[in-house]
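# Structure assessment
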Amino acid sequence: MEKLHYLLLLTLLALTSALVASAYDPGPLQDFCVATNPTDGVFVNGKLCKDPMQVKADDFFYTGLNKPGNTAATPQGSAVTQVFVDQLAGLNTLGVSLARLDFAPYGLNPPHTHPRGTEILVVVEGSLFVGFVASNQNNNTLFTKVLNPGDVFVFPIGQIHFQLNVGKDNAFAFAGFSSQNPGVITIANAVFGSKPPISADLLAKAFQVDKSVINYLQKQFS
């Protein structure tokens with residue numbers, strides 16, 4: 001089983017590498033640009049570069065994806081361990097990143113989008129019901145599939161998507177992204193838990209429901 005895990009992870013890494021050619025992030029103009037935090041309040045599109053003479057192997061290293069995330073910490077029963085540029089500085093300007101997704105039995109990674117990256121998912125253990133919804137231009141078509149160990153599914157950049165564990169046992173998967181920082185917008189949190197809140201009257205009209213329903217949802221997600 002452990003050999004299968006390594007094989008699936010290598011498959012994901014190969015697929016992620018294939019995304020680099022068309023990655024959303026701009027291409028690097030040097031061998032590497034290890035991220036460093038500015039001290040003078042300067043903000044750039046990405047991260048500032050560390051002095052190459054001070055770069056070490058640890059700048060390109062992350063450990064811990066062999067450990068399951070704490071699915072009990074969320075009401076949905078899922079956990080995502082991100083390896084984005086904030087966790088691995090060496091990813092800066094390289095246009096790729098990685099995550100581990102863990103699911104309790106019937107756990108859900110709720111509908112969300114990645115505004116800056118395509119996601120490619122490979123299941124390692126368990127069975128996941130996954131899908132994404134196309135834009136208005138494509139009639140909000142829903143594309144779904146049940147994935148088993150070794151199966152791969154791709155979620156196009158910006159599309160609302162989800163993953164649900166449909167098994168009685170724990171499940172986990174690895175996901176690769178075509179961005180060092182793909183971003184995450186969880187739909188329910190953004191709509192009903194924004195700060196400050198969106199007008200309940202506005203949302204009631206948008207969703208064509210009674211205002212009391214919106215008030216309840218905003219209380220749940222505040």
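Residues numbered from 1 in each chain as written. Predicted model: local features only at pLDDT ≥ 70, side-chain atom pairs only at ≥ 80, totals over all residues. Heavy atoms only, no water.

## Brief notes about the overall build of the protein chain
The helix and strand inventory of the protein chain stands at four helices and twelve strands. When each of the 222 residues of the protein chain is scored for burial, the buried share is 38%. A separation of at least 24 residues holds for 72% of the contacts in the protein chain among residues at least 6 apart in sequence. Accessible surface computed for the protein chain: about 12900 Å², of which carbon and sulfur atoms make up 58%. (Helix = DSSP H or I, 4+ residues; strand = E, 2+ residues; numbered from the N terminus. Buried < 20%, exposed > 50% of the residue type's maximum accessible area, 1.4 Å probe, protein only. Contact = heavy atoms within 4.5 Å. Areas by Shrake-Rupley, 256 points an atom, 1.4 Å probe, with all protein chains shown as cover.)

## Considerations on unusual backbone geometry
Residue Pro196 follows Lys195 across a cis peptide bond; omega there is -5 degrees. Within the fold, Pro196 resides in the loop between helix H2 (187–192) and helix H3 (200–207). Phi angles above zero are rare outside glycine, and Tyr106 is one such case at about 65 degrees. Relative to the assigned elements, Tyr106 resides in the loop between strand S4 (97–103) and strand S5 (108–113). Backbone geometry at Asn139 places phi at a positive 60 degrees, although glycine is not the residue there. The residue Asn139 is located in the loop between strand S7 (128–133) and strand S8 (142–147) in this model. The exposed category is assigned to Asn139, whose relative accessible area is 66%.

## Concerning the state of the cysteines
If you walk through the whole model with that rule in mind, you get one disulfide. For Cys33, the disulfide goes to Cys49, at an S-S distance of 1.8 Å. The sign of the -100 degrees torsion about the S-S bond sets the Cys33-Cys49 disulfide as left-handed. In this pair, Cys33 sits in the loop between helix H1 (2–19) and strand S1 (35–36) while Cys49 sits in strand S2 (residues 48–49), placing the two residues 16 residues apart along the sequence. (Disulfide = S-S within 2.5 Å.)

## Brief notes about the packing of H3 against helix H4 (residues 211–221)
Taken N-terminus to C-terminus, the directions of H3 and H4 make an angle of 115 degrees; their axes are 8 Å apart at the nearest point. Crossing of H3 against H4: the hand is right-handed. Across from Ala200, Asp201, Leu203, Ala204 and Phe207 in H3, the residues of H4 making contact are Lys211, Ile214, Asn215 and Gln218. The residue inventory of the contact of H3 with H4, partitioned by class, reads five nonpolar, two polar and two charged. (Axes fitted to C-alpha atoms, helices over the stretch in contact; angles between N-to-C directions. Left-handed = near helix turned anticlockwise from the far one by under 90°. Nonpolar A, V, L, I, M, F, W, Y, C, P; charged D, E, K, R; others polar.)

## Brief notes about the pattern of salt bridges
Per the counting criterion, the structure on display carries four salt bridges. The salt bridge involving Asp59 is made with Lys50; its shortest N-O contact spans 3.1 Å. The exposure class of Asp59 is buried, given its relative accessible area of 13%. For Lys50, a relative accessible area of 22% corresponds to the partly exposed category. Salt-bridge contacts for Arg100 lead to Asp102; the nearest nitrogen and oxygen are separated by 2.9 Å. For Asp102, a relative accessible area of 5% corresponds to the buried category. (Salt bridge = Lys/Arg side-chain N within 4 Å of Asp/Glu carboxyl O.)

## Notes on the UniProt feature "binding site: Mn(2+)" (unreviewed entry) in the protein chain
As annotated in UniProt, the feature "binding site: Mn(2+)" (unreviewed entry) corresponds to His112, His114, Glu119 and His161 in the numbering used here. With the annotated positions falling across 50 residues, the maximum pairwise C-alpha distance of 11.7 Å places them together in a single cluster. With respect to the helices, strands and loops of the structure, His112 is situated in strand S5. In this structure, His112 is in contact with Glu119, Gln159, Ile160, His161, Gln163, Val184, Ile185, Thr186 and Ile187, ignoring residues within four places of it in sequence. Separated by 3.4 Å, the side chains of His112 and His114 make a polar contact. Looking at the secondary structure, you find His161 in strand S10 (residues 160–165). The buried category is assigned to His161, whose relative accessible area is 1%. (UniProt positions renumbered as here; feature names shortened; annotations may be inferred. Polar contact = N/O pair within 3.5 Å; in protein donor to acceptor, adjacent residues only side chain to side chain.)

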